[in-house]
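Residues per chain are reported as follows:
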2 protein chains.
Amino acid sequence: MTDKNEKHKKSMEKQKEKVDSRIEEASIEKGVVILLTGNGKGKSSSAFGMVLRAMGYGHKIGVVQFIKGAQLSGEEIFIRDLVTQNKYPEITFYQMGTGFTWNTQDRTSDIEAAERTWAEVVPLLQDESYDLVVLDELTYMIAYKYLDEQMILDAIANRPPNQSVIVTGRGGGSALQELADTVSEVKDIKHAFKAGVKARQGVDY
Amino acid sequence: MTDKNEKHKKSMEKQKEKVDSRIEEASIEKGVVILLTGNGKGKSSSAFGMVLRAMGYGHKIGVVQFIKGAQLSGEEIFIRDLVTQNKYPEITFYQMGTGFTWNTQDRTSDIEAAERTWAEVVPLLQDESYDLVVLDELTYMIAYKYLDEQMILDAIANRPPNQSVIVTGRGGGSALQELADTVSEVKDIKHAFKAGVKARQGVDY
């Protein structure tokens, strides 16, 4: 074995020890709250990747999309087809469907739509048969004060202990970060859009 | 209309103008290279979310996973079932399947496995019938020098112009960042695992 290979083996052994001891220490079994925030691309798609993951195990899933609008995106088409064709019945899917808030430009009707949508969320967060609840772009409802922050925090905190919740959207506030078990910030380092490249079907929507 | 609503309307109008003019400026139609990097949770799941998105349009997709190991994760189970049950034939799925590199601890066999896996990637990056190619955890192959960086960059740069490529993994190097149209860095702000919470089926794997 060459020196390089020997060095590699030693370094990997050390890394394995570290990973193994961390896995051993992690012993709490419970549903988790994941907050995917930041200004970069990949927050909602990450949530939908976890939906795909949960579907692999036949988990029951609720997806509620705030803001997301009139035009169906690829993942929405795929999930809707699964549901309507009864290929994967264990999924509940609801969209606020008012378009982006800078399109509607009407605060009062936006608040009504947010409250209607939240009313769809409440039963999901009280039903232990749901393994995973995705609240896509919920953070904007807090930032714009369309929904009461404490009401949202309480509903998530008081969910069934084995249920996991994923919240996406920029910002979200420190209280939501505090409540979350895992917080990832997706930072925009570079974006094709800014270089004049059109949003692409199957990648951007 | 109250002052608050009027102010909101004005601010939203301004935001809409900004978004609209950006959309108008973005006129280049081409496949994009997306790099999802950083130390946070959500890189691979984001790539799989875009797979779900592309499936909504019936796109042809290739997924090649470097490093990912012996145990199938939820998204892999779901995709494998789609393929074997012929529910979505337009997907090619290949896994290096040697386990994490700190488990194998053998540099020579890791390099062989990396080269075998890269041989599966090459035809995908030359086949214009593929709309989307996902190279999950490819960055580690560059970082560990298991594969030649320039060879990877050339293969991605010379792909069919309408094909999009998603690369995931920590690091990746400045040349790959340079080549990519979109780069998102997923930063670990907080992770349940570090607080002793066990990795969770349907969320973490």
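Above this note sits the structure.
Small disclaimer: the values here were computed from a predicted structure and weren't measured.

A. The overall build of chain A, seen in detail. Along the backbone of chain A there are eight helices and six strands. Along the chain direction, N to C, the helices and strands of chain A fall in the order α-β-α-β-α-β-α-α-β-α-α-β-α-β. With respect to the three principal axes, the spread of C-alpha positions in chain A is 70 × 45 × 40 Å. For chain A, the proportion of its 205 residues judged to be buried stands at 51%. For chain A, the share of sequence-separated contacts (at least 6 apart) that also reach a separation of at least 24 residues comes to 78%.

B. Structural view of the packing of aromatic side chains. Residues and elements named next belong to chain A. Per the counting criterion, the structure on display carries eight aromatic pairs over all chains. Geometrically, the ring pair formed by Tyr140 and Tyr144 is tilted, given 6.5 Å between the ring centres and 40° between the ring planes. Taking the relative accessible area as the measure of exposure, Tyr140 reaches 16% and is therefore buried. Taking 5.4 Å as the distance between ring centres and 55° as the angle between the ring planes, the aromatic pair formed by Tyr144 and Tyr146 counts as tilted. Take Tyr144: its relative accessible area is 21%, and that puts it in the partly exposed class. Chaining the aromatic ring pairs together yields one cluster made of Tyr140, Tyr144 and Tyr146.

C. Seen up close, the environment of Ile166 of chain A. All names here are of chain A. Position of Ile166 among the secondary structure elements: in strand β5 (residues 164–168). In sequence terms Ile166 and Asn86 are 80 residues apart; their C-alpha atoms lie 24 Å from each other. Beyond its immediate stretch of four places on either side in the chain, Ile166 contacts Ile34, Leu36, Ala47, Met50, Leu132, Val133, Val134 and Leu135.

D. Molecular detail of the packing of helix α3 (residues 74–84) of chain A against helix α2 (residues 43–56) of chain B. Taken N-terminus to C-terminus, the directions of α3 of chain A and α2 of chain B make an angle of 70°; their axes are 6 Å apart at the nearest point. Comparing their axes, α2 of chain B and α3 of chain A come out roughly perpendicular. On α2 of chain B, the residues that touch Gly74, Glu75, Ile77, Phe78 and Ile79 of chain A of α3 of chain A are Leu52, Arg53, Met55 and Gly56 of chain B. Taken together, the residues of the contact of α3 of chain A with α2 of chain B break down into five nonpolar, two polar and two charged.

E. Region of interest: the relation of the copies chain A and chain B. In screw terms, the move from chain A to chain B is a rotation of 180° and a rise of 0.0 Å along the axis, fitting with an RMSD of 0.0 Å. Both chain copies can therefore be described as sitting about a two-fold axis. The fraction of interface residues of chain A whose copies in chain B are also interface residues reaches 100%, indicating that both copies meet through the same surface.

F. The pairing of strand β2 (residues 61–65) of chain A, seen in detail. Residue and element names in this part refer to chain A. By the criterion of burial, β2 is predominantly enclosed, with five of the five residues buried. Bridge count between β2 and strand β3 (residues 91–95): five bridges; the pairing is parallel. Looking at β3, one finds that Val63 is bridged to Phe93. Bridging between β2 and strand β4 (residues 132–136) involves five bridges; their strand directions are parallel. Within β4, the position partnered with Ile61 by the bridge is Leu132.

G. View of the interface of chain A and chain B. Counting from both sides, the interface comprises 86 residues of chain A and, opposite them, 86 residues of chain B. For the pair chain A and chain B, the two sides together bury roughly 7700 Å², of which 58% comes from carbon and sulfur. Linking chain A with chain B are four salt bridges, by the criterion used here. Between the two partners, chain A and chain B, sit 42 residue pairs in polar contact (both at pLDDT 80 or more). Of all the elements, helix α1 (residues 3–25) of chain A adds the most residues to the side of chain A that touches chain B, at twelve residues. Taken together, the residues that form the side of chain A that touches chain B break down as 35 nonpolar, 27 polar and 24 charged. Pairing of strand β6 (residues 182–190) of chain A with strand β6 (residues 182–190) of chain B involves seven bridges; the strand directions are antiparallel. Along β6 of chain B, the bridge assignment pairs Asp188 of chain A with Ser184 of chain B.

H. Spatial organisation of the nonpolar core. Core analysis: the largest hydrophobic core is formed by 48 residues, its most contacted members being Val51, Met55 and Ile61 of chain A together with Val51, Met55 and Ile61 of chain B. Sequence-distant contacts of Met55 of chain A, that is, excluding residues within four places in its chain, are made with Ile61, Leu82 and Tyr88 of chain A together with Leu52 and Phe78 of chain B. Judged by nonpolar contacts, the second largest core, of 30 residues, contains Ala114, Val133, Leu153 and Val183 of chain B.

I. Representation of the pairing of β5 of chain A. All names here are of chain A. Of all the five residues making up β5, five are buried; the element is thus mostly covered by neighbouring parts of the structure. On β5, burial covers both faces: Ser164, Ile166 and Thr168 on one face and Val165 and Val167 on the other are all buried. Summarising the sheet, strand β1 (residues 33–37) and β5 pair through four bridges and their orientation is parallel. Residue pairing across strands places Leu35 opposite Val167, the latter belonging to β5. As defined by bridge partners, β4 adjoins β5 across four bridges and the pair is classed as parallel. Counterpart to Val134 in the pairing with β5 is Ile166.

Here is what the cut-offs are and how they apply
Residues numbered from 1 in each chain as written. Chains lettered and ligands numbered in written order. Predicted model: local features only at pLDDT ≥ 70, side-chain atom pairs only at ≥ 80, totals over all residues. Heavy atoms only, no water. Helix = DSSP H or I, 4+ residues; strand = E, 2+ residues; numbered from the N terminus. Buried < 20%, exposed > 50% of the residue type's maximum accessible area, 1.4 Å probe, protein only. Contact = heavy atoms within 4.5 Å. Phe/Tyr/Trp six-rings, centres within 6.5 Å; stacked < 30°, edge-to-face > 60°. Axes fitted to C-alpha atoms, helices over the stretch in contact; angles between N-to-C directions. Parallel < 35°, antiparallel > 145°, perpendicular 65-115°, else oblique. Nonpolar A, V, L, I, M, F, W, Y, C, P; charged D, E, K, R; others polar. Least-squares fit on C-alpha atoms with pLDDT ≥ 70 in both. Pairing = 2+ DSSP bridges. Buried area = accessible area lost by both parts, 1.4 Å probe. Salt bridge = Lys/Arg side-chain N within 4 Å of Asp/Glu carboxyl O. Polar contact = N/O pair within 3.5 Å; in protein donor to acceptor, adjacent residues only side chain to side chain. Core = buried A, V, L, I, M, F, W, Y, C linked by side-chain atoms within 4.5 Å.

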